[in-house]
Every structure is written in structure tokens, then in C-alpha cells.
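Residue-level listing of the chains:
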Amino acid sequence: MCGIIGYIGSRQATPILIGGLRKLEYRGYDSAGVSVYSEGTSRVVRCRGKLANLEEKLTREPAAGTIGIGHTRWATHGRPSDENSHPHKVGPISVIHNGIIENHLALRQELQASGSHFASETDTEIFAHLVAAQLVQGAENLTAAVRRALQKVRGSYAFVVMSDKEPGTLVAAKNSSPLVVGLGEGENYVASDVTAILAETRKVIFIDEGELVTVTREAVVITDFEGKVKQREPKIITWSAVQAEKGGFKHFMLKEIHEQPRAVADTLVGRVDLENDDVLLDGIELDVKKFKRIIFVACGTSYHASMVGEFMIEALARIPVEVDLASEFRYRDPIVGPGDLVIAVSQSGETLDTMEAIREAKRKGASVLAISNVVESSIPRLADYSFYTHAGPEIGVASTKAFTTQLVAIALLAVHLGRRTGALSKERARVLLSELVQLPQKMTDIVDGAAQLQVLARRYGKAHGFLFLGRSSQYPIALEGALKLKEISYIHAEGYAAGEMKHGPIALIDEHLPVVVLVPKGPHYEKIVSNLAEVRARQGKVLAIATKGDNDIGSHADDVVLVPDTALELQPILTVLPLQLLSYYVADGKGTDVDQPRNLAKSVTVE
Ligand code: AGP
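Residues numbered from 1 in each chain as written. Predicted model: local features only at pLDDT ≥ 70, side-chain atom pairs only at ≥ 80, totals over all residues. Heavy atoms only, no water.

Q: How should I be thinking about the overall build of the protein chain in this particular structure?
A: Secondary structure assignment for the protein chain yields 18 helices and 27 strands. Its C-alpha atoms give the protein chain a radius of gyration of 25 Å, within 12% of the compact-globule value 25 Å for 607 residues. Over its C-alpha atoms, taken along the principal directions, the protein chain stretches across nearly 80 × 55 × 45 Å. Within the protein chain, the fraction of its 607 residues that count as buried is 61%. (Helix = DSSP H or I, 4+ residues; strand = E, 2+ residues; numbered from the N terminus. Rg over C-alpha atoms; globule rule 2.2 N^0.38 Å. Buried < 20%, exposed > 50% of the residue type's maximum accessible area, 1.4 Å probe, protein only.)

Quick look at the structure:
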């Protein structure tokens, strides 16, 4: 998730741009830059690293002028570097961008074939080339050039474009990524986030999907992509700056729970090949015949994602999979070698135990694939292959959107492998890919029902302990639900394999112990229902997470939360959402520091 800001007025742009980007720093980024117009040309100043680096560079290379655009980059395509930083300038055109151009490879090849040269690895630079080309081909103004260039682009984006040939205009366009216009007196702003411009104006216009906006010092004109003018009343923002950072949500964790449909959609972009019923791994070529075994190594929530991954890959690719806690693997003198593919799962890409585990695996000749949310972080840099989630920066210490996008990334990998081992038919792959692309809407349906979990949190939130039960790929979700609850509410919670309850935890059951049971439709449904009966026979309170359309479960549980159905292998991506919301509302009810729970760090870079 990148930060975007543009200014056009009579004041010097650079201080306003830098001030706005500083307000967006909380979101995390790896590079920053500005492009400011003055006396016939716009000057781009940009660099890898923090805003302080950019400010230092600006003292040596001042960017004067009263119209400009600024950007903080969260790398998705192309490593963090000066060249890959935004803005990108091609001819008279400067562009900044938040999102992912899905057809970037085809467009790059098409432009290169017609003689374009690229200075970066980014998908964004492609758009600068497209707009510049439209001007050369006779577009009557910048708005028209942007409109025509957009017709070639697929994916999620918020673009802001500036041209040396039309210095009184900023043009912006939105599809899936956020974009807002700020209104001033004789000056106007564009931004990815209200936070960036709240210090300058509280009068804003939110741009909708498929809209393009032309901003001058005196006017803001919104049109759709066909050029039809759209009217929109400005809104007055009453949020405080802190509230604005959280998009109006009370905590980052709640914001990030609600961001999951977008995060999953972004993680799917450019990887689902519906024409061939296949998955593209960003150009990664795995020698599937070489690997006789896959070993996941991870910690915490990423370990739970790995446990789900075992079910996905064994079911779809029929490759033997093991899952190991990184902190155990690294000290176990593991029997691992060239026939093994070790998959390191790490949101931060900086977890020391996981890093040391893959160093051990590499020492013993194994190949390593990293699944991470931070491009070019330490673990992907150590690995032989890297496959990124596109969740955007995750600020809350308790991992939510990183987890569900890890599950999506592993599901994509499992389909890719299954199509190559021959274990997965085209037909079955088609069903799975169709279900994958429906996940964002199904996740939206679940998080839109958050109020029910708020009620249940009030009902059960005073308990002194919780038990979470699940079978098969729902067992890791039981573990994850327990981890979420304990790490942010400080209430003890245990996740257990439902089949194991009778081997001990059943002694815990009484009327004071809420038991959260994952019981989606599937091959284990009847067995889980019998587990529920055992719990209720001992006065345990049962909260069941079941599948929409299940009209029987209500007679086996005290409370039921229903989630949409999906392919069996993908169910964990949906069943975890009510558990995230339950833990959030229980913790919020207790008044704990949900985003920064006691004793915890977002990235555990120590032993
Ligand atoms: C998740 O809610 C926890 N904050 C923690 O368990 C985390 O998943 C673990 O530290 C691993 O972090 P990583 O994914 O960045 O490697």
C-alpha cells in the first residue's frame, strides 16, 4: 500500500508534499520521492529509504515550484531502490501509483517492441510511457491522454499524473486503490488517504471506482472513464488525525481485518491463469520433479498458515509435506537435503528463528522458497525463490490480513504444483481458481457481519479461558483463533484437534468454558457434531463456526456464526475471519492495547 499526495496552488509544493508523506509514514514504506514543476520542467527527486533520506537529498537538489506530486513506496514489483522509487518520469510525464498493474508484463513487452526503454523494474513506469505516447499520438490534453492510456491497463490502481506541457493540471484516476481530492482556496490536493491532507483541508471529495479527476488551482472535474461528468458533493472530515490514520476504525487491527478482501484480491492479481486453468508464480520455475518433500518452517501465525498449507499441498499436489516450528527445526540437526523444498513463511521477513532455520536448510543443500509480505526483507533475500503476499503494511501486532494472504499464496502454490505433478486435473483446478477469485466477496460478506461477533464477545468475553476445536485443516484455525484471543485479550485460550478432546481437555469442560468449534460442511462434519454433543453434555457453551445453509447446527450449539461455503481446501481462509473479529471485540471490551499488546513485538528479530 503506497502513499500518494499531489498539490497544485500558489505555495511551494515540496514542504506540503513532504508533510503529507510524513503523515503516511505509519503505513510502512521502503522509498520516497517527489516531482515538482517549475519554469518549463518538473524535477524528480527520489531515493530508497526513509523520508529523512529524501529530505537530505532535497537540500542538495532543491525542487522549487507550486505544483507537485509525492509518493512513499511499498514495493510489490521491483525491489526497493532509487530507480524503482516513484515518481517515474517519461518525457514530460510524471506518475505516482498505488496498486498493481496486472498486465504489466505484456504492456512492457509491447512498449519495448515499439522502442521504449525502461529505467526501472516497476509496473508504474509502464503507465508513464503509455500517457507520454498518447500525448505524442495527439491527445488534446493530459486528461485525454490519461483516459486513453487507462484503456490499456488492467489491475488495481490510483494514479496521479503531471505533465510539463500542462503545468496547471493534475490528473488522477482510481480503480480499487483509494483516492481522495482535498479542496482549498485557490489550491487543491489529491491523496491516497485523508491523513495526508488533513493538516491542509478537511473539505474532501472521495473518488469512486472507475473515475478520473482533473484538478487545477480553481476547479475539480470528475468524469468516468468514458468522459461523462460526475457530480459529487464535498464532505467535511471530522476525524482527528489519529482516527484518520486508521481510516475511521478504532484500531489498526480492525482496519486490517476489514482490508482482507482487498489484500486477498491484490495477492491474486496477475497469478490466476483462468485460460489455462493454472497459476503463475511471478516467473518462479520450480523443478517439481526434483523435490520429493516440502518442509514448512515458520513461527506463530505463519506456522499456523504453514499447517494449513500442508493440507492444501498434500491434497492438491500429492507431495509429502512436513511442518516445523522454525525455533525447533534449527536446533534439531534436521535430516534435510537437495531433494527437499523448504518453504519459509514470514510476514515480516525478519523473524530470526525462521531466518536461522533456512540458513540450516541451505547449509544442508535444500532449496528454499520464501513467502513474505515485505519485498526484499531478510528472509526473501536469503531464499532461492520469493513469492510475495500483497497485504500491504500490517501495523497491528496481531497478524490478520498477512495470515489470510499467506493462505491464498500457499493455495496458489498448491494449484501450481498440482498441475505439474499431474495430481490436479484441469477441471478441479478450474473449480479451485474460480473459488479463489470469489474469496474477496465472500470475505466481505463475513466482515460485514462483524456486529454479531461484537454481541458474542460481550456474551463470552468475561470467561477466564476458551477452548478452540477443529479437525483437519480447521485444526490450525483453532490454534490461530486461540493465539489471536490470548495475544490481544490476555485471556488464556487453547486450540486443540477436536479428535483429541477426549484425551484430556474434556476435563476442562464446564458451564464457564466457552468452546469455539469450527464445523464447516465437509467430510468431518458428523464427527465434529458428536464432539459438540460431548461438550454440551458437560454444560460447556458452544460457539459454532459453520457453513451458510447449515440448518442443523443450531440444535447442537448455543451460538452459531455462518460463513459462505467454498472449496474444502480454501475453507480455512473464511472460517478464521469470525475468530479474528471475536478476539478483537473481546480484547476491545477488556480495554487492552489491541494494536500493541503487552510483551509482544511485530517482528521478533531476537532469539
Ligand atoms: C501473530 O499474530 C503474532 N504476532 C506472531 O505469532 C507472528 O506471527 C510471528 O512472530 C511470526 O512473524 P512473521 O510472520 O513476521 O515471521
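Text resumes after the structure shown.
Q: I keep staring at empty space enclosed by the protein and nothing clicks. Help me out?
A: Under the definition given, this model contains one cavity of 30 Å³ or more. Taken together, Val288, Phe291, Ile294, Ile319, Leu341 and Leu417 make up the lining of the largest cavity. Counted by class, the lining of the largest cavity contains six nonpolar, no polar and no charged residues. (1 Å grid on protein atoms, 1.4 Å probe; cavity = no way out; pocket = protein on both sides within 12 Å on 5 of 7 lines; lining within 4 Å. Points joined across faces, edges and corners; volume = space filled by probe spheres on them. Nonpolar A, V, L, I, M, F, W, Y, C, P; charged D, E, K, R; others polar.)

Q: How do you make sense of the pattern of salt bridges when you look at a structure like this?
A: Two side chains that carry opposite charge are able to pair once their charged atoms sit near each other. Tallied over the full model, the rule gives 35 salt bridges. Notably, a salt bridge pairs arginine 271 with aspartate 282, separated by 2.7 Å at the nearest N-O pair. Placement of the pair is arginine 271 in the loop between α8 (260–268) and β16 (272–273) and aspartate 282 in the loop between β17 (278–279) and β18 (293–298), with a sequence separation of 11 residues. The shortest N-O distance in the salt bridge between arginine 363 and glutamate 360 comes to 2.9 Å. Residue arginine 363 and its partner glutamate 360 are located together in helix α11 (residues 352–363), separated by three residues, close to a single helical turn. For glutamate 360, a relative accessible area of 11% puts it in the buried group. Three or more residues are tied together by salt bridges with common partners; here these are Asp208, Glu211, Lys230 and Arg232. (Salt bridge = Lys/Arg side-chain N within 4 Å of Asp/Glu carboxyl O.)

Q: Help me out: how do you make sense of the nonpolar core in this one?
A: Note on soluble globular proteins: their nonpolar side chains tend to be buried together. Ranked by size, the top nonpolar core spans 89 residues in total, and within it Ile313 and Ile343 carry the most contacts. With residues up to four places along the chain from it excluded, the contact list for isoleucine 343 reads Ile294, Ile295, Phe296, Val297, Ile313, Leu369, Ile371 and Leu413. (Core = buried A, V, L, I, M, F, W, Y, C linked by side-chain atoms within 4.5 Å. Contact = heavy atoms within 4.5 Å.)

Q: What should I look at first to understand the packing of helix α15 (residues 450–460) against helix α18 (residues 571–590) in this one?
A: Axis angle and axis distance: for two packed helices, these are the angle between their axes and the distance between the axes, and together they describe the pair. Contact pair α15 / α18: the axes reach a minimum separation of 8 Å and the direction vectors enclose 50°. Judged by the angle between their axes, α15 and α18 are oblique. Crossing hand, α15 versus α18: right-handed. Contacts from Ala450, Leu453, Gln454, Leu456 and Ala457 of α15 reach α18 at Pro578, Leu581, Leu582, Tyr585 and Val586. Along the lines of polarity and charge, the residues of the contact of α15 with α18 split into nine nonpolar, one polar and no charged. (Axes fitted to C-alpha atoms, helices over the stretch in contact; angles between N-to-C directions. Parallel < 35°, antiparallel > 145°, perpendicular 65-115°, else oblique. Left-handed = near helix turned anticlockwise from the far one by under 90°.)

Q: Explain the packing of aromatic side chains to me, please; I cannot follow it from the model alone.
A: Any pair of aromatic rings gets described here by the distance separating the centres and the angle formed by the planes. Under the criterion given, the structure shown has five aromatic pairs. Geometrically, the ring pair formed by phenylalanine 127 and phenylalanine 159 is stacked, given 3.8 Å between the ring centres and 5° between the ring planes. Highlighted residues: phenylalanine 127 in helix α4 (residues 124–136) and phenylalanine 159 in strand β7 (residues 155–163), separated in sequence by 32 residues. Residue phenylalanine 127 shares its accessibility class with phenylalanine 159, and that shared class is buried. A ring pair is formed by tyrosine 157 and phenylalanine 159, whose centres lie 4.9 Å apart and whose planes are at 25°; its orientation type is stacked. (Phe/Tyr/Trp six-rings, centres within 6.5 Å; stacked < 30°, edge-to-face > 60°.)

Q: Which parts of the structure should I look at to understand the site of the ligand?
A: Around the ligand sit 14 residues, and of these Ser302, Ser346, Ser348, Thr351 and Glu487 come closest. Between serine 399 and the ligand, the recorded distance is 2.8 Å, taken from a backbone N or O atom to an oxygen atom. Bound to the protein, the ligand loses 91% of the 410 Å² it would expose on its own. Among the elements of the structure, α9 (300–317) and α16 (475–489) are those that each provide at least two residues to the shell around the ligand. Here the element with the most residues in the shell around the ligand is α9; it accounts for three residues. Its residues assigned to classes, the shell around the ligand shows four nonpolar, eight polar and two charged. (Near = heavy atom within 4 Å. Polar contact = N/O pair within 3.5 Å; in protein donor to acceptor, adjacent residues only side chain to side chain. Areas by Shrake-Rupley, 256 points an atom, 1.4 Å probe, with all protein chains shown as cover.)

Q: For this particular structure, what's the right way to read helix α1 (residues 13–23)?
A: Helical periodicity: at 3.6 residues per turn, an α-helix aligns residues three or four positions apart in one direction. Those residues of α1 not exposed but buried are Ala13, Thr14, Ile16, Leu17, Ile18, Gly20 and Leu21. Along its buried surface, α1 packs onto β1 (3–8), β2 (31–38), α2 (51–60), β4 (67–73) and β10 (188–191).

Q: Could you clarify how one ought to interpret the environment of leucine 179 in this entry?
A: With respect to the helices and strands, leucine 179 occurs in the loop between β8 (170–175) and β9 (180–183). Overall, leucine 179 belongs to the buried group, its relative accessible area being 4%. Ignoring sequence-local partners within four residues, the contact set of leucine 179 consists of Ala158, Val160, Ala172, Ala173, Lys174, Ala191, Ser192, Phe206, Ile207 and Val213.

Q: Which parts of the structure should I look at to understand the state of the cysteines?
A: Cysteine pairs can be covalently joined through their sulfur atoms, and such a bond is termed a disulfide. Inspection of the entire model under this criterion finds zero disulfides. Cysteine 2 takes part in no disulfide bond, and the closest cysteine sulfur, belonging to cysteine 47, lies 15 Å away. Exposure remark for cysteine 47: the relative accessible area of 6% places this residue in the buried category. (Disulfide = S-S within 2.5 Å.)

Q: Can you walk me through unusual backbone geometry in this structure?
A: Look at the link from histidine 86 to proline 87: it is a cis peptide, with omega at 0°. As for its placement among the helices and strands, proline 87 is situated in the loop between β4 and β5 (88–90). Positioned with a positive phi, aspartate 277 is a non-glycine residue whose angle comes to about 50°. Along the chain, the position of aspartate 277 falls in the loop between β16 and β17. The exposure class assigned to aspartate 277 is buried, which follows from its relative accessible area of 2%.

Q: I keep staring at the sheet that holds β18 and nothing clicks. Help me out?
A: Two pairing modes exist for strands in a sheet, parallel and antiparallel, and in both the strands are linked by backbone hydrogen bonds. Ordered in space as β19-β18-β20-β21-β22, the five strands form an open sheet in which the pairing is parallel. A strand with exactly one partner marks an edge of an open sheet, and here the two such strands are β19 (321–325) and β22 (385–388). When strand polarity is set aside, the average angle formed by the axes of neighbouring strands in this sheet is 20°. Bridge analysis of strand β21 (residues 367–372) against β22 gives four bridges, and the strand direction is parallel. Bridge pairing in β22 links serine 372 to tyrosine 388. (Pairing = 2+ DSSP bridges.)

Q: Hey, could you run me through the environment of glutamate 328 in this one?
A: Here glutamate 328 shows up in helix α10 (residues 326–329). A relative accessible area of 49% means that glutamate 328 is categorised as partly exposed. The sequence separation of glutamate 328 and valine 297 amounts to 31 residues, and the corresponding C-alpha distance is 9.1 Å.

Q: How should I be thinking about the sheet that holds strand β14 (residues 229–230) in this particular structure?
A: Reading across from one edge, β5-β6-β7-β8-β12-β13-β14 is the order of the seven strands in this open sheet, with antiparallel pairing throughout. The open sheet is flanked by β5 and β14, the only strands paired with a single partner. Sheet topology places β7 next to β8; five bridges connect them, and they run antiparallel. Its bridge partner lying in β8, methionine 162 is registered against leucine 170.

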